[in-house]
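# Results of the structural survey
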Amino acid sequence: MGKLQRAVTDLRGEPKVVRQTPPILTDAGARASYSPLQRVRIADEVARVLFDEYGAHRKSERGEEETGWLLLGLRDTKEAIALATLPAGAEREAGEAHIRFNSGAQAVASRIVRQADRRLALLGVVHTHPGSLRHPSDGDFRGDISWVGQLRGGDGVFGIGTADGKYARPSDELWQPRANMFCRGDLCYSWYSLRESARSYQALPAEIAPGSDLALPLRAVWPILEEHAERLDRLARQQAKVEFECLTGSEHAALALMVPLADEGRSLRVVLTGKEVRYFLAREGSLLAADLSEPHADRGVYRLLAELAGEA
Amino acid sequence: MDFRPLNDTERRQLITALRGNADTGSALLMDRRDTSFLGIAEEVTDEEVINAIKSVPCHY
């Protein structure tokens with residue numbers, strides 16, 4: 001505790017907060033001011049997902065196309081910590097030489113992932129290249145250099161996946177031929193940073209750290225996210241306290257969203273599956289199914305809100 | 001070790017941070033080297049994240 005505890009003890013004018021709720025101390029080194037990125041730490045499950053999904057993509061019908069992911073994580077003073085992958089989505093626009101993500105689904109997914117930790121920021125982009133180009137292309141640079149200014153520190157993390165087999169090994173263990181590369185089987189990822197106003201990408205040393213991919217549970221409901229993204233995002237912007245929950249326990253995965261009502265303990269719940277959208281009213285510990293057939297979740301919520309307002 | 005008292009600005013920041021912790025559970029950051037108070041964990045708004053996501057350029 002040291003100096004912080006002494007400082008807290010010294011604040012005799014504000015004793016209630018200190019005594020009733022001990023502060024949560026973290027060992028984080030985050031500050032508001034950022035230095036250029038010197039390293040990316042990648043949660044081991046994030047790395048595993050990147051390799052697994054790249055491998056699965058190459059075996060799919062669209063395996064000749066480029067694919068990619070967004071990275072969410074924490075931006076520390078000098079390093080980025082990758083903690084979640086948001087896939088390009090089935091509705092991506094891609095070919096052998098380009099990839100544009102389905103950003104609508106990724107936006108809603110970011111809302112869901114960040115419910116647990118509001119510090120999570122967009123760190124950068126991972127995408128694949130055909131052949132052996134292990135560096136972002138000139139076309140990548142033209143887009144990225146005008147985009148990275150939106151990221152924390154004006155600095156982005158960029159991963160390039162390749163599958164030319166140059167660093168192939170028979171085992172499935174991760175290994176690093178260079179400080180900014182990770183390889184597994186015949187797949188490799190090379191890591192770079194790009195800072196606002198920079199003239200080129202810089203090789204970015206990468207390390208694996210223990211940790212989960214916080215977006216992995218969303219894979220089961222990704223088709224639902226893609227189908228309803230625009231309306232879910234609109235609803236989340238209009239109703240500040242909307243919360244999402246991923247329901248994966250039953251046979252079919254579902255996405256639930258909760259809209260709290262003004263009366264304590266009451267809320268509207270919408271459950272989206274691949275086939276239907278169902279509406280419920282949670283009241284005094286019980287869940288009442290609403291007799292409403294409305295495929296658009298936002299419309300359904302507002303129709304129910306209007307009906308409840310009429311009863312008040 | 002530095003045992004100097006907090007100045008007015010640091011004291012104000014710490015009080016604000018402690019109130020934030022009590023009210024919303026926001027984390028307090030501690031310097032791993034000397035345990036001094038670094039500030040509060042910086043939260044990122046949905047708008048910032050989503051604007052960046054929706055403007056990701058095409059990659060080649």
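Please read all numbers here as calculations on a predicted model, not as lab measurements. (Residues numbered from 1 in each chain as written. Chains lettered and ligands numbered in written order. Predicted model: local features only at pLDDT ≥ 70, side-chain atom pairs only at ≥ 80, totals over all residues. Heavy atoms only, no water.)

### Considering the overall build of chain B
Defined as follows: Numbering of helices and strands runs from the N terminus; a helix is a DSSP stretch of H or I covering at least four residues, while a strand is a stretch of E covering at least two. We take the radius of gyration over the C-alpha atoms and set the globule estimate at 2.2 Å times the residue count to the 0.38 power. Classification of residues uses two cut-offs on accessible area relative to the type maximum, computed with a 1.4 Å probe and protein chains only: under 20% is buried, over 50% is exposed, and between them is partly exposed. The method behind every accessible area is Shrake-Rupley, applied with a 1.4 Å probe, and residues are considered shielded solely by the protein chains displayed. When charges are tallied, Lys and Arg are placed among the positive residues and Asp and Glu among the negative ones, while His and the ends of the chain are skipped. For this purpose, a charge sits on NZ of Lys, CZ of Arg, CG of Asp or CD of Glu.
For chain B, the helix and strand inventory stands at two helices and two strands. Secondary structure elements of chain B, listed N to C terminal, follow the sequence α-β-β-α. Its C-alpha atoms give chain B a radius of gyration of 17 Å, more than 25% over the compact-globule value 10 Å for 60 residues. Along the longest, intermediate and shortest principal axes, the C-alpha atoms of chain B span 55 × 30 × 20 Å. Scored against the burial criterion, the 60 residues of chain B give a buried share of 43%. A total accessible area of about 3,500 Å² is found for chain B, and carbon and sulfur atoms account for 49% of it. With 7 positive and 11 negative side-chain charges, chain B shows a spacing of 4 Å between the two charge centroids.

### Notes on the overall build of chain A
The cut-off we apply is this: Residue contacts are defined here by distance: any two heavy atoms, one from each residue, within 4.5 Å place the two residues in contact.
When its secondary structure is counted, chain A shows seven helices and 17 strands. If you take every contact in chain A between residues at least 6 apart in sequence, the share linking residues at least 24 apart comes to 65%. Surface accessibility of chain A: about 15,200 Å² in total, with carbon and sulfur atoms responsible for 48%.

### As for the confidence of the model for chain A
This is how it is decided: pLDDT measures the predictor's confidence residue by residue and takes values from 0 up to 100.
Scored by pLDDT, chain A has a mean of 89; 89% of the residues are at 70 or more. Confidence over residues 1-31 of chain A falls short of pLDDT 50; this stretch has 64 contacts with residues more than four positions distant or in other chains.

### Let's talk about unusual backbone geometry
Residues and elements named next belong to chain A. The backbone of Ser 197 shows a phi angle near 75°, a positive value even though the residue is not glycine. Of note, Ser 197 is situated in the loop between strand 10 (187-195) and strand 11 (202-203). Phi is positive for Glu 284, close to 50°, though the residue is something other than glycine. Note on placement: Glu 284 falls in the loop between strand 16 (277-283) and strand 17 (286-289).

### Here we look at helix 5 (residues 138-145) of chain A
Residue and element names in this part refer to chain A. What counts is decided by this rule: It is the directions from the helix axis to the C-beta atoms that the arc portrays.
Among the residues of helix 5, Gly 139, Asp 140, Gly 143 and Asp 144 are the ones counted as buried. Within helix 5, the buried residues cover an arc of 125° as seen down the axis, which keeps them to one side. Away from its buried face, by an angle of more than 90 degrees, helix 5 presents the exposed residues Asp 138 and Arg 142. On its buried side, helix 5 packs onto strand 7 (121-128), strand 8 (155-162) and strand 10.

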